[in-house]
Amino acid sequence: MIDIKNLTKSFGNTVAVKNLNLYVAKGEIYCLLGANGAGKTTTINSLLNLVLPEDGTAKIDGLIVTDEPLNTKEKLTYIPENLALYPALSGVENLQFFCGLSGIKLSDSNAVSNLKAAGLQEDATHKRVGGYSKGMRQKVGIALAIARSSEVLLLDEPTSGLDPAASSDFATLLTEMKERGAAVLMATHDLFRAKETGTKIGIMNRGSLVDELNAADVTHSDLEKIYLNHMRA
Amino acid sequence: MMTHIFSFEWLHFRKSGVFWGTATALPLLIGFSLFLGSERINEQNETISDIIATETVFYDNMRSQLEAIERGEAEVDAWFQNPANPLVLGQFGQAGRHIFLHPNPLAPLAAGQLDILPYYGKVTLTTMEPLRDNALENPFMQVSGSFDFAFVLVWLVPLFIIVMGYNVISSERERGTYSLLQSQPVSMRTILVQKMIFRFLLVFGIIILSLFVWAVLFGINLFNIQGLQLIAAISIYAAFWFALCVLFNLFQTSSAINAVGLTGLWVFFLLIIPSVISLIVISLHPVPSRALWITEQRAIQQAIQAEGDAIFDTWVVDHPEEFVEGDTPQFYDTWIRRFVWAQATEEREREAERQFEEPRERQAQLASRLRVLSPPMTLQAWLERKAGTDKDRLRSLEKEMRSFQQEWQEFFLPRFQRLEFFTADELTDLPAPQ
Amino acid sequence: MNIYSIARNQLTQLVRDKVVASLGLLILLLLGISIITGISYYSEITEQHQEAEELARLQWEKQGDKNPHSAAHYGTFAFKPVTVLSVFEPGVDRYTGVSIFLEGHRQNFAAYSLAEDKDSSRRFAELTSAFIFAYLFPLFIILAGYRSITAEKESGMYRFLKSQGVSTGQLIAGKSLGLWAVILLIYIPFLVIGLIFLFITGAIGDSLAGFLFMGIVWLLYFGVVAHITITVSALANSSGSSMVVLLSLWILSTLLVPRLITNVASGIHPVPNTSEFYQAVRTDLLEGIDGHNPYSEHSVAFRDSVLAAHRVDDVADLPFNFRGMMLQEGEEFEKKIYDHHFAKIDEIHRAQNRLFSISSFLSPTIAARMSSMAVAGTDMHAFNHFSAEAEAYRIELVRELNMDLKINAVGDRAVGYTAGADFFAQNIAFTYERPESVFVSSTQLMPLFITLLWFVASILILTVAAHKKEEI
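Just so it is clear, the model here is predicted, and its values are computed rather than measured.

A. The arrangement of the overall build of chain C in detail. Summing up its helical and strand segments, chain C has 17 helices and three strands in all. The C-alpha atoms of chain C give 29 Å as radius of gyration, which overshoots the globular expectation for 472 residues (23 Å, by more than 25%). Projected onto its principal axes, the C-alpha positions of chain C cover 105 × 45 × 35 Å. The proportion of buried residues among the 472 residues of chain C is 56%. Pairs at least 24 residues apart make up 81% of the contacts formed inside chain C by residues separated by at least 6 positions.

B. Up close: the overall build of chain B. Broken down by element type, chain B carries 15 helices and three strands. Seen through its C-alpha atoms, chain B measures out along the principal axes to roughly 105 × 50 × 35 Å. Taken over 434 residues, chain B has a buried fraction of 56%. Relative to all contacts within chain B whose residues are 6 or more apart in sequence, the contacts with residues 24 or more apart total 81%. About 18500 Å² of surface is accessible on chain B, with carbon and sulfur atoms providing 57% of the total. If you average the places of the 33 positive and of the 48 negative side-chain charges in chain B, the two averages end up 16 Å apart.

C. Examining the domain arrangement of chain B more closely. All names here are of chain B. Domains assigned within chain B are domain 1 (2-22 + 150-283) and domain 2 (36-147 + 285-429). Taking only C-alpha atoms, the centre of domain 1 and the centre of domain 2 are 47 Å apart. Counting from both sides, the interface comprises 25 residues of domain 1 and, opposite them, 25 residues of domain 2. Interface area for domain 1 against domain 2, summed over the two sides, is near 2200 Å², with a carbon-plus-sulfur share of 77%. The tally of links between domain 1 and domain 2 comes to zero salt bridges. Inspection of the region where domain 1 meets domain 2 yields four residue pairs in polar contact (both at pLDDT 80 or more). The element contributing the most residues to the side of domain 1 that touches domain 2 is helix α10 (residues 255-284), with nine residues.

D. The nonpolar core, seen in detail. Membership of the largest hydrophobic core comes to 291 residues, with the highest contact counts inside it found for A:Ile142, B:Trp155, B:Trp266 and C:Trp218. Residue contributions to this core peak at 15 residues, all from helix α8 (residues 188-217) of chain B. Once you skip the residues sitting within four places of it in the chain, C:Trp218 turns out to touch C:Glu89, C:Ala130, C:Phe133, C:Ala134, C:Tyr187, C:Ala368, C:Arg369 and C:Ser372. Of all hydrophobic cores here, the second largest spans 26 residues; its members include A:Ala38, A:Leu47, A:Leu76 and A:Ala187.

E. Inspection of the pairing of strand β2 (residues 97-102) of chain C at higher detail. Residues and elements named next belong to chain C. Burial runs high along β2: five of the six residues are buried. Here strand β1 (residues 76-79) pairs with β2 via four bridges, running antiparallel. Following the sheet pairing, phenylalanine 77 is matched in β2 by phenylalanine 101. In this structure, β2 lies alongside strand β3 (residues 107-113), joined through four bridges in antiparallel fashion. Bridged to serine 99 within β3 is alanine 111. The turn joining β2 and β3, which pair antiparallel and follow one another in sequence, is formed by four residues; a positive phi near 75° is taken by histidine 105.

F. Quick peek at the interface of chain C and chain B. In this complex, chain C contributes 81 residues to the contact, which on the side of chain B involves 73 residues. Counting each side, the surface lost to burial between chain C and chain B is near 6800 Å², with a carbon and sulfur contribution of 67%. Counting the surface chain C buries against chain B, the share from its top three residues, C:Asp117, C:Phe124 and C:Arg259, is 12%. Taken together, chain C and chain B are joined by one salt bridge. For the salt bridge of C:Arg123 with B:Asp115, the shortest nitrogen-to-oxygen distance reads 2.8 Å.

G. Local environment of the environment of B:Pro118. Residue and element names in this part refer to chain B. Secondary-structure assignment places proline 118 in the loop between β1 (97-100) and β2 (120-123). Given the relative accessible area of 9%, proline 118 is considered buried. Expressed as a C-alpha distance, the spacing of proline 118 and aspartate 133, which sit 15 residues apart in the sequence, is 6.6 Å. Excluding its chain neighbours within four sequence positions, the residues that come into contact with proline 118 are Pro130, Leu131, Arg132, Leu394 and Leu397.

H. The arrangement of the side chain of C:Arg394 in detail. Residue and element names in this part refer to chain C. Summarising the element assignment, arginine 394 is placed in helix α15 (residues 380-408). Exposure remark for arginine 394: the relative accessible area of 2% places this residue in the buried category. Residue contacts for arginine 394: discarding those within four places in its chain leaves Leu102, Glu103, Gly104, His105, Arg106, Gln107, Glu331 and Lys335.

I. Spotlight on the interface of chain B and chain A. The interface of chain B with chain A comprises 21 residues on the first partner and 24 residues on the second. Interface area, chain B with chain A, both sides summed: about 2200 Å², of which 70% is carbon and sulfur. At the junction of chain B and chain A, the tally comes to one salt bridge. Linking chain B with chain A are six residue pairs in polar contact (both at pLDDT 80 or more), by the criterion used here. Of all the secondary structure elements, the ones that give two or more residues to the side of chain B that touches chain A are α1 (2-14), α6 (170-175) and α7 (177-182) of chain B. Looking at the side of chain B that touches chain A residue by residue, the classes come out as nine nonpolar, nine polar and three charged.

J. Looking closely at the pattern of salt bridges. One pass over the full model with this rule turns up 36 salt bridges over all chains. Here B:Lys15 and A:Glu93 are joined by a salt bridge, their closest N and O atoms 3.5 Å apart. Here B:Lys15, found in the loop between α1 and α2 (17-70), pairs with A:Glu93, found in helix α3 (residues 91-101), and the two come from separate chains. Of the residues examined, B:Lys15 reaches a relative accessible area of 41% and is grouped as partly exposed. Salt-bridge contacts for B:Arg290 lead to B:Glu353; the nearest nitrogen and oxygen are separated by 3.7 Å. Here B:Arg290, found in helix α11 (residues 290-306), pairs with B:Glu353, found in helix α13 (residues 330-370); they are 63 residues apart in sequence, far enough to count as distant. Across this residue pair, the class does not change: B:Arg290 and B:Glu353 are buried. Salt bridges linked by common partners bring B:Glu9, B:Glu172, B:Arg175, B:Lys195 and B:Arg199 together as one network.

K. Representation of the sheet that holds β3(C) within the structure. Residues and elements named next belong to chain C. Strand order across the open sheet formed by three strands is β1-β2-β3, with antiparallel pairing between neighbours. Either end of the sheet is taken by a strand with one partner, and the two such strands are β1 and β3. Within this sheet the neighbouring strands show an average axis-to-axis angle of 30°, counted without direction. Against the sheet, helix α2 (residues 18-61) contacts β1 and β2, and its axis sits at roughly 160° relative to β1.

L. The side chain of B:Glu384, seen in detail. Mapping B:Glu384 onto the fold places it in helix α14 (residues 375-387). It is C:Arg123 that comes nearest to the buried, bridge-free B:Glu384 among opposite-charge side chains, at 6.8 Å. In contact with B:Glu384, not counting residues within four places along its chain, are B:Ala110, B:Gly112, B:Gln113, B:Thr389 and B:Asp390.

M. Looking closely at the packing of aromatic side chains. Applying the stated criterion across every chain, the model contains 81 aromatic pairs over all chains. Taking 5.3 Å as the distance between ring centres and 70° as the angle between the ring planes, the aromatic pair formed by B:Trp293 and B:Phe356 counts as edge-to-face. Linking B:Trp293 in helix α11 with B:Phe356 in helix α13, this pair joins segments that are 63 residues apart in sequence. One aromatic cluster is present, formed by B:Trp79, B:Phe80, B:Phe92, B:Phe312, B:Trp315, B:Phe323, B:Phe331, B:Tyr332, B:Trp335, B:Phe339 and B:Phe416 through successive ring pairs. The cationic tip of C:Arg94 hangs over the ring face of C:Tyr41; the distance from NZ or CZ to the ring centre is 4.7 Å.

N. Local environment of the packing of α2(B) against α8(B). Residues and elements named next belong to chain B. Two elements in contact, α2 and α8, have axes whose closest approach is 9 Å; the angle formed by their N-to-C orientations is 35°. Every pair of crossing elements has a handedness; the one defined by α2 and α8 is right-handed. Residue-level contacts link Phe19, Ala23, Leu26, Pro27, Ile30, Gly31 and Leu34 of α2 to Leu202, Val203, Ile206, Ile207, Ser210, Leu211, Trp214 and Ala215 of α8.

O. Inspection of a nonpolar patch on the surface at higher detail. Residues and elements named next belong to chain C. Taken together, the side chains of Ile358, Phe361, Met446, Phe449 and Leu453 present a nonpolar region at the surface, about 480 Å² in accessible area. One can find isoleucine 358 in helix α13 (residues 322-359). The exposure class assigned to isoleucine 358 is exposed, which follows from its relative accessible area of 52%.

P. Unusual backbone geometry, seen in detail. Residues and elements named next belong to chain C. Despite not being glycine, tyrosine 112 has its phi angle at roughly 60°, a positive value. In this structure, arginine 311 takes a positive phi of about 50° despite not being glycine. Assignment of secondary structure puts arginine 311 in the loop between α12 (295-309) and α13. Assessed through its relative accessible area of 77%, arginine 311 is described here as exposed.

Criteria and cut-off values
Residues numbered from 1 in each chain as written. Chains lettered and ligands numbered in written order. Predicted model: local features only at pLDDT ≥ 70, side-chain atom pairs only at ≥ 80, totals over all residues. Heavy atoms only, no water. Helix = DSSP H or I, 4+ residues; strand = E, 2+ residues; numbered from the N terminus. Rg over C-alpha atoms; globule rule 2.2 N^0.38 Å. Buried < 20%, exposed > 50% of the residue type's maximum accessible area, 1.4 Å probe, protein only. Contact = heavy atoms within 4.5 Å. Areas by Shrake-Rupley, 256 points an atom, 1.4 Å probe, with all protein chains shown as cover. Lys, Arg positive; Asp, Glu negative; His and termini not counted. Charge placed at Lys NZ, Arg CZ, Asp CG, Glu CD. Domains from an automatic or database assignment. Buried area = accessible area lost by both parts, 1.4 Å probe. Salt bridge = Lys/Arg side-chain N within 4 Å of Asp/Glu carboxyl O. Polar contact = N/O pair within 3.5 Å; in protein donor to acceptor, adjacent residues only side chain to side chain. Core = buried A, V, L, I, M, F, W, Y, C linked by side-chain atoms within 4.5 Å. Pairing = 2+ DSSP bridges. Nonpolar A, V, L, I, M, F, W, Y, C, P; charged D, E, K, R; others polar. Axes fitted to C-alpha atoms, helices over the stretch in contact; angles between N-to-C directions. Phe/Tyr/Trp six-rings, centres within 6.5 Å; stacked < 30°, edge-to-face > 60°. Lys NZ or Arg CZ within 6 Å of the ring centre and 35° of its normal. Left-handed = near helix turned anticlockwise from the far one by under 90°. Patch = residues over 30% accessible without salt bridge, like charges linked within 9 Å, V, L, I, M, F, W, Y side chains within 5 Å.

Have a look at this one:
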């Protein structure tokens, strides 16, 4: 579903991503690890057509992002690190608004059931988002993915700042999404969560993908060792 | 897509103080300005009808006196009280006609230059006196300017627009919703433009709706071609300011910078450009001093006085048929000379008056060319023209007075020159301005 | 010490802020242009008025042999002088007539205002120091100060400063001082240039007091704006809302209230229109003030009393020219009627001005503008002073003419009497002297007082804001 080939992008003299090749299949959660500035966000942004690669291509479902930015966006849902919504509107209204932008009209009851499917308490769905916690807002993001039946989910450090319970809830949701057949690409610093939830783990350093592992093949402590080794190299 | 964004914008606006503030303040401001405007027009119309009534009473009175004399019921005490005498009918005391620039249908919208230039004046055989109501007005008023619809539209509406539009995108960025919006299958420009169109329609709707409702209440007729032109002008002006808002939102600047920048542009268009234009216009085409003009007028009068006899003799030679020689009353000798001199004075003064008219006209031409630099100035000038309260129209009073004076003279002077007095019947069709 | 370093820090930040610095320079540039054009305008007008005055006098003296009463009808002119301070504050100057025609029997309005002849762009805005100070300078202060406290809150600096032991009061005091410093950085050069100009023109002796008063008025006004700006910034929860509130206040004070109040004032205290005015004067001349003592009766009674006093039956037997005496009597009678009606107009203007003063409790701009006009000698009161002097001169001139007729047109000379050039050359000449004191009327002190009140009030609210307890 997500197919990045030879992607290269630099900002001025700094190389953000160099010759990156990355593939995420349906039903896969790909966790991208790496230090700040390793190129994770640039990778995700290239899939959103927010950065234009100097070389290489990023494809979503076979469509080249730079050629068909709007069509590719139609297939994906992006949840930024700090998902902000319109505080004056309720969860339902926010969901209806963003769904509407991709041409999906959502009735109130559908919106509520999608939000519930994303783990939001029913009584919260009609409350103003201004009072939501970060975890609740991310659930709205997931509900958006569910409502749009997105085949691709792009997540940029979604669990940073979540308390352990909320983080675990979120992991469960991701697993559900995976089971629905979505391809999930998640940039994260959370080694534990990556090993637990991910199917595949990529480690990035200075713009390059330096390692790729199957989550099932490593233990938590192995992963940490491998990661630190790459970082110190 | 459009309806979707509109409906969600509406959802936001229903909950925003900015919207309710605008939706209350704008109609109130417009209403109050139109109220003051219609009061102004009522007052003008009252002045006009009072003066016309006084004029009518005067001439009716003259006629009934003359009828009484013709019937032999009354006698004439002195020549200057004889209602058959052309001088009494056309020149003395309350005799003469007032010329008015009647208010246009759209006059309530813009007070324009009415506080500076007169809209009516009195014409007799030798005088043309614009009646300057402003001479009695507190001059501090003229410094502040009028609160009229033109002011609300030209000065205040842009500020409401700026408040509505300065942060359309920058607020998304500051709130953090920008990143989520960016990942949607709609381009940011589409969203920006549609949001702006919604706000434009909102402001535009509030203005037009309150304008028309208040206009109906105050008896201003806008259901005609002029109303349509007004709608067009308002929409262009509002669109101009919204376009500036769009421009600022295209750059990745913060809301604060947008607000400062847009306010800066407002100051630039409404305060800086006009002051620079007036500076340029006045220094390139200075109008000579009126103080010197007064002494010049006097010099002309002195010259006419000095050459008086020669001027009169020439006139008699040129117009033998307009002069009765022989045993004429003394007032005839006095006044026939005065008319000749008045005409000579008038001719020379008009010649001298050109030194003011020419630079004034050049000023106006240059100013109207430079005005395009500032849409607010252009709109103000347009509104004043539509309201008939611009300098050009108000200055035309002089021309109208002059052309009526000619008519008035043509009616009375030949009769005076031949010493043919009037009969009561003739007084029914004295010349009057249309 | 804290206050001082906060102020210095604020000043440094503002001076380095490109927007603020370039706006400050723009204002200095505009001030420079306004002074240069103001000076050239002033010297041009002064020169023209002197010339006109001399010409008018010459025309009076060389009017030829004439009956003195014909000379009274011929009349002469008084020209409104321009004060040096109108370079900075033209006030109502452009809207009042430049000259008054002085003749026997009637008082005329001043005619030909400059505004009539000039293009109407000027009504949007005019480049004068007073305009810049009243409108643009407050915007500059707002722009320089609206973020002064909110930005510290938004960047988290506020919490840091508090943890360093800086109190809210110190922060506010420091920020205010910093803003004051920026204001003075622009204002002091203006004052220096102004003083140099007054010194060069030699007008410093007469106008120094007025200029200093004007300087203080605007400084108080800037203080009001600066204090309000800091207060709003301290109370607002974001820079954006601080900006919106301050701009709204600016619009209210500079645009909305001044325009509204003038319309309201003319609605509550309307002046009659010109034809009504003349009609009323005519009626009173014919019928007497309020129906008492009309001129026709008055003149008969007067003649009889004069005849009785001199024990004669016919005016021809009087030892002087009765017509001259009668004309003088009539002139004084007419003057009473005109004075009565002009006093009414003046009363209306005063009532309107009282409303303006009241409205300046809502708009410091009105208070400052009225004060600066007053001290510059370009307000309505100054103009009225000129009109009153011109009227006093008129009545004295007409008296001289009538006396000449009364005394000299006797005996053989009674019929066809004329006065000659030497008589007209001796006639009193009009030279307008501005009053020594800065203020010509006690009512001018009102706006000044309100400006001061605003200043004190602005310091008070600043103090209140500084003592507001808050949790961060």
